[in-house]
Amino acid sequence: MRTTIGYTVESIGYVAGAQGLVSFASQTFFGTEWGWLHKVVDLPSTAYLGIVAMGLALIVGGVKTRKTPQRQTVA
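Residues numbered from 1 in each chain as written. Predicted model: local features only at pLDDT ≥ 70, side-chain atom pairs only at ≥ 80, totals over all residues. Heavy atoms only, no water.

Q: Just give me the short version of the packing of aromatic side chains, but keep the residues and values in it.
A: Per the counting criterion, the structure on display carries two aromatic pairs. A centroid spacing of 6.5 Å and a plane angle of 80° characterise the contact between Phe 24 and Phe 29, whose relative ring orientation is edge-to-face. Exposure remark for Phe 29: the relative accessible area of 61% places this residue in the exposed category. (Phe/Tyr/Trp six-rings, centres within 6.5 Å; stacked < 30°, edge-to-face > 60°. Buried < 20%, exposed > 50% of the residue type's maximum accessible area, 1.4 Å probe, protein only.)

Following this line, the structure appears as structure tokens:
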């Protein structure tokens, strides 16, 4: 179960981080709204960097909670 949770948390991190990055870049450089995150919350462009950081933290947490395969010994 831990492997599944790690992959799920990591996947959520990728989506949240990508949406935060797209939203930050679109507001800062183009003055428009891209992605779907702006439809859920209305944040200033710098707050989207916090969402990117949260996404990175979820990715790191998901990778660390993965179960490593047991090392097999040769008889």
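That covers the picture; the talk isn't over yet.
Q: Summarise the confidence of the model for the protein; cite the residues concerned and give the values.
A: Predicted confidence across the protein gives a mean pLDDT of 85, with 87% of residues reaching 70 or more. Mean pLDDT values over the elements of the protein span from 83, in helix α2 (residues 37–40), up to 92, in helix α3 (residues 47–64). (pLDDT = per-residue confidence, 0-100. Helix = DSSP H or I, 4+ residues; strand = E, 2+ residues; numbered from the N terminus.)

Q: Any details on the side chain of Glu 10? Residues and values, ideally.
A: If you trace the backbone, Glu 10 turns up in helix α1 (residues 2–30). The class of Glu 10 is buried, set by a relative accessible area of 8%. Here Glu 10 is in contact with Leu 58, Ile 59, Gly 62, Val 63 and Arg 66, once residues within four sequence places are set aside. (Contact = heavy atoms within 4.5 Å.)

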